[in-house]
Amino acid sequence: MYLDQNKWSEISNAFHAPSKVSDASRSAAKRLAQWVVEERIVLPASAGHYSETTKRFDTTKRYSLGLTVLTLSRGWQMRDALQTRRNELHAEFCRRSGQLTKVRSAPVFTLSPDALHSTAVRGMQHYAAPTTFEPTLAFATEALVSAMASIDTMLDTERIEPGPATGWADSNQRFSGWLDEQDLDSQQKRKAIDAFLLSDISAELAEEAHAAALPIEDFRHWILTEAADDIRRFPALGLFREMLHNRHLNKGTKWRINDLTDMVYLSCAAGYADFVVCERHMRDPLTHGLRRLGLGTQVFRHLTEAADAIEEALATP
């Protein structure tokens, strides 16, 4: 089950500031924590959780929230959402180029070290054990360094400043405003949104097509005639596309800076998880997208609803 950041905050308050949440929320948080301990459910952490937790101003609240995420995720991570999207594209391009041996085997929810942040996407280098170490010791060392770095980052007493603005929200706001003014039917608008999306991810498309050795003419043909239909089949990128459509088709949509983080991580999570809990702002377009794609992930607004659904699922033989 994937929890949006505000739901992690609710669970943190249930254990560290119980007066701030309802009795029902405290009960739900305790049930979820018990199932985690019993290894009946997994509550993975994502890079989005780390980013939003570590930039909080209040040191005590930041520490409590970080400790809650670390304790209940128990080392489970959601692979970098941007890398997951790339893997979906790469697999399709490999299929088209006949390079099936190149398809990346990378589970989205994993205990593998360093899955949170992709080296290819983030331009960073993970720690590598000395080449003189035998394989088992090398893996154990790298896993330990990764875990220690994650813990230290989450529990650091100093707040991590947000990075520079990307301009993504402003770009989408301008596009939404332009689209609202056009005399187009919904299908024409959807095509315009697809063009906007393909432009936004053009670097990802080109790099993954090249990595899969897809001939240039085949790539060109795919972009012009098959991209939209194929992306619709991808769990993470397909859901992101549906959420983008839903929000741009809704006249007067206001775009916020956090929308990018919410949409990228929630679409990835909902594409592969069994349950997702998030605020209404994103639940509606996410649920709508899941219906359009025929995916069965259950999405809830409240921890109590999610806990009840999980309890029912756990009781089913």
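Just so you know, these numbers come straight off a predicted model, no measurement behind them. (Residues numbered from 1 in each chain as written. Predicted model: local features only at pLDDT ≥ 70, side-chain atom pairs only at ≥ 80, totals over all residues. Heavy atoms only, no water.)

K.L.:
Would you take a moment to explain the overall build of the protein for this structure?
P.N.:
When helices and strands are counted, the protein shows 15 helices and five strands. Rg of the C-alpha trace for the protein: 21 Å, near the compact-globule value of 20 Å for 317 residues, within the 12% margin. In terms of overall dimensions, the protein has a C-alpha envelope of 55 × 55 × 45 Å along the principal axes. Looking at the protein as a whole, 45% of its 317 residues qualify as buried. Accessible surface, the protein as shown: approximately 16,100 Å² in total, 52% of it carbon and sulfur. (Helix = DSSP H or I, 4+ residues; strand = E, 2+ residues; numbered from the N terminus. Rg over C-alpha atoms; globule rule 2.2 N^0.38 Å. Buried < 20%, exposed > 50% of the residue type's maximum accessible area, 1.4 Å probe, protein only. Areas by Shrake-Rupley, 256 points an atom, 1.4 Å probe, with all protein chains shown as cover.)

K.L.:
Sorry, what's going on with helix α2 (residues 23-37) here?
P.N.:
Each α-helix winds once per 3.6 residues, and so residues spaced three or four apart point in a common direction. Between its first and last C-alpha atoms α2 spans 21 Å; for 15 residues at 1.5 Å apiece the expected length is 21 Å, and the two agree. For α2, the full list of buried residues reads Ser25, Ala28, Ala29, Leu32, Ala33, Trp35 and Val36. For α2, the arc enclosing every buried residue in end-on projection is 160°, short of the 170-degree limit, so these residues lie on one face. Across from the buried face of α2, at angles greater than 90 degrees, the exposed residues are Asp23, Lys30 and Val37. Buried-residue contacts for α2 involve α1 (5-16), α4 (59-73) and α15 (303-315). Positive backbone phi, at 60°, marks Glu39, one or two positions downstream of α2. (Expected span 1.5 Å × (residues − 1). Arc of directions from axis to C-beta. Contact = heavy atoms within 4.5 Å.)

K.L.:
Explain the packing of helix α13 (residues 259-272) against helix α14 (residues 280-293) to me, please; I cannot follow it from the model alone.
P.N.:
The axes of two packed helices give the description: the angle between them and the distance between them. Relative to each other, α13 and α14 sit at 40°, their axes nearing to 11 Å. One finds that α13 runs oblique with respect to α14. Our pair here, α13 against α14, has a crossing hand that is right-handed. Packed against α13, whose contacting residues are Asp259, Asp262, Met263, Leu266, Ser267 and Ala270, the element α14 presents His281, Met282, Leu286 and Leu290 at the interface. Grouping the constituent residues of the contact of α13 with α14 by class yields six nonpolar, two polar and two charged. (Axes fitted to C-alpha atoms, helices over the stretch in contact; angles between N-to-C directions. Parallel < 35°, antiparallel > 145°, perpendicular 65-115°, else oblique. Left-handed = near helix turned anticlockwise from the far one by under 90°. Nonpolar A, V, L, I, M, F, W, Y, C, P; charged D, E, K, R; others polar.)

K.L.:
I tried to follow the sheet that holds strand β5 (residues 298-300) on my own but got confused; where do I start?
P.N.:
Spatially, β1-β4-β5 is the arrangement adopted by the three strands of the open sheet, whose pairing is parallel. Looking at the sheet topology across the chains shown, the edges are occupied by β1 (2-3) and β5. Together, β4 (275-277) and β5 form the strand contacts of α14, whose direction differs from that of β5 by roughly 165°. (Pairing = 2+ DSSP bridges.)

K.L.:
Help me understand the packing of aromatic side chains in this model?
P.N.:
Describing an aromatic ring pair means giving the distance of the ring centres and the angle of the ring planes. Under the criterion given, the structure shown has seven aromatic pairs. Taking 6.5 Å as the distance between ring centres and 25° as the angle between the ring planes, the aromatic pair formed by Phe275 and Phe300 counts as stacked. Taken together, the residues span a long stretch of sequence, with Phe275 in strand β4 and Phe300 in strand β5 at a distance of 25 residues. Each member of the pair, Phe275 as well as Phe300, is classed as buried. Among the aromatic residues, those joined into a ring-pair cluster are Phe93, Phe219 and Trp222. Over the ring of Phe240 we find Arg85, and its NZ or CZ is 4.6 Å from the ring centre. (Phe/Tyr/Trp six-rings, centres within 6.5 Å; stacked < 30°, edge-to-face > 60°. Lys NZ or Arg CZ within 6 Å of the ring centre and 35° of its normal.)

K.L.:
What is the right way to read the nonpolar core from this model?
P.N.:
General note: in soluble globular proteins, nonpolar side chains tend to be found buried as a group. Residues Phe93, Leu244, Val276 and Leu286 are the most contacted members of the largest nonpolar core, which totals 48 residues. Going through the elements one at a time, α5 (81-97), α8 (168-180), α9 (186-200), α10 (202-211), α11 (216-231), α12 (235-249), α13 and α14 are the ones with two or more residues in this core. A total of seven residues in this core trace back to one element, the largest contributor, which is α13. Not counting the four nearest positions on each side in its chain, Phe93 is found in contact with Leu205, Glu208, Ala209, Ala212, Leu214, Phe219 and Trp222. With 30 residues, the next largest nonpolar core counts Met1, Trp8, Ala33 and Trp35 among its residues. (Core = buried A, V, L, I, M, F, W, Y, C linked by side-chain atoms within 4.5 Å.)

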